[in-house]
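Report on the structure
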Amino acid sequence: MSALTSAIDILRCFSTTRPDLSFADVQALTGKPKSSTSRLLRSLRDCGLLEQDPNSRRYRPGLLTFELGRLHRAHDDLIATAERELREVCTRTGHTGYIAVLDGYQQVVLRIVPGSNPLRVVNPPGQRTPAIITSNGRAMLARLSDAEIRARVPLDYPKVPANSPQNFEQLIARLNEIRRTGVSDAADEAIEGVGSQGFALANGETGELIGIAISYSVQATTEIERAIVRRELGAMAEKLRRMTGDPLGQPVELRAGLAS
């Protein structure tokens, strides 16, 4: 941890006003001994976090920092773009929306967009729920291979509500149906009396996967209202997939080429 902290101290020396630094600059800014500064700079250079100009011998951030920065921006851009579109859908439908990611066989709520209906369904950001019992969780799992899903779901299959897949075989059957139809819904599963519809969105550049869902009261929502939610989510999914380069947003023949 000491070496890691020292390395981070060196990386923090670089900024828009200090895009490149000499050995003496780094030593002066960090106040570290000459020997340890030299060793850390060499290690950071060798692993790609720093680059060294062969002529001036000055250091600058390396390609790895650029790649990590792109991933960070893509992550924020994907979620921010999805949240922006989700807010419009929640405004039109009055229902609550969620954005989540997978963590093993669970999903973690990242963002929530409260609806305007008097009866609201709210799960706070950070809440974990088995992905196998939610609409957006199953939509995300359906984007993985069966082998990847098997690696995530415990061999001792979790105890789940009666409306959820009761074993791994039933789960795969449900996911295959989502793959076939593009429709993922849930009712009386994660929360009794609550239904939801969801879809998964992948960043075409980074492969990052998020799940988006609209939830509502099963009893207080009519079939017509649920059909409206399905239509709204379908249009949202189509728009976002074009915007993010999601392979599912590509023509079938192009998707086949990307998969091969």
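Quick note: structure is the one above.
Here the residue numbering is sequential within each chain, running from 1 through the sequence in written order. pLDDT decides what is reported in this predicted model: residues at 70 or higher carry local features, side-chain atom pairs at 80 or more are listed and counted, and totals for whole chains, interfaces and linings draw on all residues regardless. Side-chain metrics rest on all non-hydrogen atoms present in the structure, leaving aside hydrogens and water.

Concerning the packing of helix α1 (residues 2-11) against helix α3 (residues 34-46)
The relative placement of two packed helices is expressed as an angle between their axes plus a distance between the axes. Selection rule: Here an angle of 0 to 180 degrees is reported between the N-to-C directions of two axes, which are lines fitted to C-alpha atoms, with helices fitted over the stretch in contact. Segments assigned H or I by DSSP are reported as helices when at least four residues long, segments assigned E as strands when at least two residues long, and all are numbered from the N terminus. Throughout, the term roughly parallel applies to angles under 35 degrees, roughly antiparallel to angles over 145, roughly perpendicular to angles from 65 to 115, and oblique to all others. Throughout, a residue-residue contact means that at least one pair of heavy atoms, one from each residue, lies within 4.5 Å.
Taken N-terminus to C-terminus, the directions of α1 and α3 make an angle of 80 degrees; their axes are 10 Å apart at the nearest point. Relative to α3, the element α1 lies roughly perpendicular. In contact with Ala-3, Ser-6, Ala-7, Ile-10 and Leu-11 of α1, α3 contributes Leu-40, Leu-41 and Leu-44.

What about the pattern of salt bridges?
Side-chain pairs of opposite charge can arise where the charged atoms are in close proximity. Definition in use: We define a salt bridge as a side-chain nitrogen of Lys or Arg found within 4 Å of a carboxyl oxygen belonging to Asp or Glu. Each residue's exposure class comes from its accessible area (1.4 Å probe, protein chains only) as a fraction of the maximum for that residue type: buried when under 20%, exposed when over 50%, partly exposed otherwise.
Summed over all chains, the structure comprises 20 salt bridges. Of the charged contacts in the structure, one is a salt bridge between Arg-58 and Asp-25, with a shortest N-O distance of 3.4 Å. Separated by 33 residues along the polypeptide, Arg-58 in the loop between β1 (50-52) and β2 (59-61) and Asp-25 in helix α2 (residues 23-30) bring together distant segments of the chain. With a relative accessible area of 28%, Arg-58 lands in the partly exposed category. Asp-25 gets classed as partly exposed once you look at its relative accessible area, which sits at 28%. Where Glu-88 meets Arg-92, a salt bridge forms, and the shortest distance between an N and an O atom there is 3.9 Å. With Glu-88 and Arg-92 both in helix α4 (residues 63-93) and four residues apart, the pair spans about one turn of that helix. With relative accessibility at 38%, the residue Glu-88 sits in the partly exposed group. Several salt bridges converge on common partners, so that one network encompasses Asp-20, Asp-25 and Arg-58.

Some remarks on α1
Note the threshold: Read the arc as the range of directions from the helix axis to the C-beta atoms.
Of the positions making up α1, those classed as buried are Ser-6, Ala-7 and Ile-10. Buried residues of α1, seen end-on, are gathered within an arc of 100 degrees and therefore sit on one face of the element.

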